[in-house]
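Structure at a glance
Spelled out, the chains give:
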Amino acid sequence: MHTSRREFLKHATALAGVACTGSAWAGAANDRLNLAFVGCGGMGSGHLGWALQQPDLRVVALCDVDANHLKGAAAKAPDAFTSGDFREVVGRDDVDAVFIATPDHWHALVGIAAAKAGKHVYCEKPLTNSIGEGRALVNAVKDAGVVLQTGSHERSNPGAAVAKRLVAEGKLGEVKTVRIHLPNADPHLQEVENFTSPPPDRDPPAGLDYDFWLGHTPVMPYNEKRCHFFWRFHRAYGGGEITDRGAHVIDLAHMILGLDDTGPVRVNAVGTPPKGDFYDAFITFRFENEYANGLRMIGDNSGPRGLTLEGTEGKLFVAVHGCALSAEPASLLEGVSLPGIDPYATHRRSLLDAIRSGSGEVSAPVGAGHHTAVACHLNNLSMLTEKPFAWDPVAEQSDSDEVNEMLTPKMRAPWVL
Ligand SMILES: NC(=O)C1=CN([C@@H]2O[C@H](COP(=O)(O)OP(=O)(O)OC[C@H]3O[C@@H](n4cnc5c(N)ncnc54)[C@H](OP(=O)(O)O)[C@@H]3O)[C@@H](O)[C@H]2O)C=CC1
Ligand SMILES: O=C1CO[C@H](CO)[C@@H](O)[C@@H]1O
């Protein structure tokens, strides 16, 4: 049994004023790390299944607002405490780290509660569903001196590190343009894009605490196409394709080009809303962003999904998912071989190693996750306001009052940031 939590927290609090996060793991080297899982649907059950196979981890708590998902998870981890309310989970003394895999509108509030309780966090991408929520989460993590790993696992692929090295070594020459490819032909995207006949609203299914699911967002009638996976195409809960898969691709661009601590200074995006009035997030779009160093980031629905780094001496394409590489000239990749690994496992291990070693160093720290999410949200804001605007990545303010007013959602009581 891990008994060193209080001692650990004392140390972490002392470090809280220091720039970085983390503190020495005060448990014995062979102590198991105790994990809690908030959101046990698609991605949450993937994290849980992996953790249950790891001899150095213990699953101590599970949370989902959907009793059916919670029951399914509890069947796999019968000794774990269960609840539909994350506040009963993140505050538990026996929890060292919390894995968050809820819909995006919950990431900030659960992450902040976990950080305030002194827990380390693995939070799925996009880090938050708005820029204001992201800033609040970054501050909470820093204030608490805990470590947060953003679930941008693509950067744990060996191909991402190779691309970063080739850019750093100048093999592509000067990279002035990066193209973000987010094709919209996937069947689920086409379904959303052409959706004109939503099923009737109805009572929420038995076992789902639908008011808790809605959380801080406005009250809406239950509709199966509003929850369960399709929430990502309603702006109250997700940001459409630019935050769903765009978060992976833009995140790789930031990592490879050394832009983890900054963001665009000019934003211009044009989107075509889906047909009908049910889904309100964008899938079809084109954007052009400028960074302070003169880099242009241009995104559209051309494929295949991934990014193209255009340098004065060559081009490198990094595919999502898996970060397979192709180059022009092909000789840029001579001698490069990419080992087959499980990027999810490597990415999760980055957090667990940072906790145990006390280094606080993870591969997708909270600041990097925030800057990626900000870049995604800014393009959505330009599509919504139908205007280009300037952006100050330090002050996190625009020259457009309309944009500044949309940075943080108004939260429905009792929820506050
Ligand atoms: N890194 C990656 O490759 C991937 C990342 N993701 C990310 O993972 C997150 C989850 O996505 P996904 O698994 O597809 O979504 P799902 O809808 O499948 O699962 C989300 C789960 O969270 C539950 N839930 C909702 N609100 C709460 C709450 N307040 N507390 C606890 N549980 C809650 C949902 O209940 P209910 O079932 O009733 O809705 C559901 O069980 C997203 O942020 C997504 O972007 C997703 C896929 C891949
Ligand atoms: O990359 C991914 C695979 O697809 C999912 C559904 O669109 C995404 O949420 C996820 O991030």
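Residues take numbers from 1 onward in each chain, read along the sequence in its written order. Here the convention is simple: chains get letters from A, ligands get numbers from 1, in the order in which they are written. With the structure being a predicted model, the display of local features is reserved for residues of pLDDT at least 70 and the display and counting of side-chain atom pairs for 80 or more, all residues being used for whole-chain, interface and lining totals. Note that the side-chain values use all heavy atoms of the structure and ignore hydrogens as well as water.

Start and end positions for the domains come from either an automated domain assignment or a database one. Under the domain assignment, the protein is made up of domain 1 (5–154 + 345–365) and domain 2 (155–334 + 370–405). If you average the C-alpha positions of domain 1 and of domain 2, the two centres end up 24 Å apart. Tallying the contact residues gives 32 residues for domain 1 and 40 residues for domain 2. When two components associate, each loses some accessible surface as probed by a 1.4 Å sphere; the sum of these losses over both components is called the buried area. Counting the surface lost from both domain 1 and domain 2, the interface buries some 2800 Å², and carbon and sulfur atoms represent 58% of this. Salt bridges, as used here, are contacts in which a Lys or Arg side-chain nitrogen is within 4 Å of a carboxyl oxygen on Asp or Glu. Summed over the shared surface of domain 1 and domain 2, the number is two salt bridges. We note a salt bridge from Asp-244 to Lys-125, for which the minimum N-O separation is 3.3 Å. Put simply, the parts of the chain that give the side of domain 1 that touches domain 2 at least two residues each are helix 3 (67–76), helix 6 (131–144) and helix 12 (343–357). Contacts are assigned to residue pairs with any non-hydrogen atoms lying within 4.5 Å of each other. Going along the chain from the N terminus, every DSSP run of H or I of four or more residues is numbered as a helix, and every run of E of two or more is numbered as a strand.

We treat two strands as partners when DSSP finds at least two bridges between them. Taken in spatial order, the nine strands make up an open sheet running 13-12-11-7-10-9-8-14-15, and their pairing is mixed. Edge strands, defined here as strands with exactly one partner in the open sheet, are strand 13 (325–328) and strand 15 (397–398). Taken together, the four bridges between strand 12 (residues 315–319) and strand 13 define a ladder with antiparallel strand orientation. What sits directly across from Lys-315, in strand 13, is Glu-328. Packing against the sheet, helix 13 (residues 366–385) makes contact with strand 8 (264–272), strand 9 (284–291) and strand 14 (389–392), and its axis sits at approximately 55° to strand 8. Angles run from 0 to 180 degrees between N-to-C directions of axes, and those axes are lines fitted to C-alpha atoms, restricted for helices to the stretch in contact.

On to the site of ligand 2. Summary of the distance rule: residues count as near a molecule or strand when at least one heavy atom falls within 4 Å of that molecule or strand. In the vicinity of ligand 2, the residues found are Lys-125, His-188, Phe-229, Arg-232, Asp-244, Arg-245, His-248 and His-321. Two N or O atoms count as a polar contact when they lie within 3.5 Å, although within protein this holds only if one can serve as hydrogen donor and the other as acceptor, and sequence-adjacent residues are included solely when both atoms are side-chain atoms. In this structure, Asp-244 approaches ligand 2 through a side-chain N or O atom, which is 2.5 Å from an oxygen atom. The side chain of His-248 places a nitrogen or oxygen atom 2.8 Å from an oxygen atom of ligand 2. The protein chains hide 75% of the 300 Å² of surface that ligand 2 would expose on its own. In terms of residue class, the shell around ligand 2 is built from one nonpolar, three polar and four charged. The protein chains shown are the only cover counted for residues, whose accessible areas, like all others here, come from Shrake-Rupley with a 1.4 Å probe. By the convention adopted, Pro, Cys, Tyr, Trp, Phe, Met, Ile, Leu, Val and Ala count as nonpolar, Lys, Arg, Asp and Glu as charged, and the other residues, Gly among them, as polar.

A few words now on the site of ligand 1. Around ligand 1, a shell composed of 30 residues is seen, among which Met-43, Asp-64, His-69, Asp-104 and Trp-213 lie nearest. Interatomic distance of 2.9 Å between a side-chain N/O atom of His-107 and an oxygen atom of ligand 1. Protein contact buries 93% of the 890 Å² of open area that ligand 1 shows by itself. If you list the elements that add at least two residues to the shell around ligand 1, you get helix 2 (42–52) and helix 9 (210–214). Considered class by class, the residues forming the shell around ligand 1 number 14 nonpolar, ten polar and six charged.

UniProt positions are given in the numbering used here, feature names are shortened, and annotations may be inferred rather than shown by experiment. If you check UniProt for "domain: Gfo/Idh/MocA-like oxidoreductase bacterial type C-terminal" (unreviewed entry), the listed places come out as residues 204–416 in our numbering. Its end C-alpha atoms 25 Å apart, residues 204–416 is made of 28% helix and 20% strand.

In space, the six strands of this open sheet follow the order 3-2-1-4-5-6, with parallel pairing throughout. The open sheet is flanked by strand 3 (81–83) and strand 6 (148–150), the only strands paired with a single partner. Taken pair by pair, the neighbouring strands of this sheet meet at an average axis angle of 20°, ignoring direction. Where strand 2 (residues 57–63) lies against strand 3, three bridges are found, and the strand directions are parallel. Along strand 3, the bridge assignment pairs Cys-63 with Ser-83. Helix-sheet contacts for helix 3 involve strand 2 and strand 3, and the interaxial angle to strand 2 is about 160°. Set on the sheet, helix 5 (residues 107–116) makes contact with strand 1 (33–38), strand 4 (97–100) and strand 5 (120–123); between it and strand 4 the angle comes to about 180°.

Moving on, we get to the packing of helix 2 against helix 12. Following both chains from N to C, one finds helix 2 and helix 12 inclined at 70°, their axes separated by 11 Å at the closest point. One element, helix 2, and the other, helix 12, form an angle in the roughly perpendicular class. Contacts between helix 2 and helix 12 pair Met-43, Gly-46, His-47 and Trp-50 from the former with Tyr-344, Ala-345, Arg-348, Arg-349 and Leu-352 from the latter. Residues of the contact of helix 2 with helix 12, tallied by class, amount to five nonpolar, two polar and two charged. Oblique is the label for any angle not under 35 degrees, not over 145, and not in the 65 to 115 range, which are roughly parallel, roughly antiparallel and roughly perpendicular in turn.

Turning to the packing of aromatic side chains, a few remarks are in order. Given two aromatic rings, one states the distance between the centres and the angle between the planes to describe the pair. What counts as a ring pair is set by centres within 6.5 Å for rings of Phe, Tyr and Trp (its six-membered ring), and what kind of pair is set by the plane angle: stacked under 30 degrees, edge-to-face over 60, tilted for all other angles. Summed over all chains, the structure comprises 19 aromatic pairs. With a centroid separation of 5.3 Å and 85° between ring planes, the pair formed by Phe-229 and Phe-230 is classed as edge-to-face. Taken together, Phe-195, Phe-229, Phe-230, Phe-233, Phe-278 and Tyr-279 form an aromatic cluster joined through their ring pairs. A positively charged side chain is recorded as over a ring if its NZ (Lys) or CZ (Arg) lies within 6 Å of the ring centre. The angle to the ring normal must also be within 35 degrees. Seen from the ring of Phe-81, Arg-92 lies directly overhead, with NZ or CZ sitting 4.2 Å from the centre. Taking the ring centre of Phe-230 as reference, the NZ or CZ of Lys-225 above it sits at 4.3 Å.

We now examine the UniProt feature "domain: Gfo/Idh/MocA-like oxidoreductase N-terminal" (unreviewed entry) in the protein. Per the UniProt record, "domain: Gfo/Idh/MocA-like oxidoreductase N-terminal" (unreviewed entry) is found at residues 34–151. Counting secondary structure, residues 34–151 comes out at 42% helix and 22% strand; the distance between its end C-alpha atoms is 19 Å.

Next up on the list: the pairing of strand 7 (residues 175–181). Buried, partly exposed and exposed residues are distinguished by accessible area as a fraction of the type maximum, computed with a 1.4 Å probe on protein chains only: under 20%, between the cut-offs, and over 50%, respectively. Most of strand 7 is tucked away, with five of its seven residues classed as buried. Where strand 7 and strand 11 (residues 306–311) come together, six bridges link them in antiparallel fashion. Considered in strand 11, the bridge of Arg-179 is made with Thr-308. As paired strands, strand 7 and strand 10 (residues 296–300) are joined by five bridges and run parallel to one another. Looking at the pairing, Thr-177 lines up with Arg-296 of strand 10.

Below, the discussion takes up unusual backbone geometry. Each neighbour pair has its own omega, and for Lys-125 with Pro-126 the value is -20°, a cis peptide bond. Backbone geometry places Cys-323, a non-glycine residue, at a positive phi of 65°. Mapped onto the elements, Cys-323 comes out in the loop between strand 12 and strand 13. Cys-323 sits in the buried class, given a relative accessible area of 0%. The phi dihedral of Glu-386 is positive, around 55°, even though this residue is not glycine. By secondary structure assignment, the location of Glu-386 is in the loop between helix 13 and strand 14. A relative accessible area of 70% means that Glu-386 is categorised as exposed.

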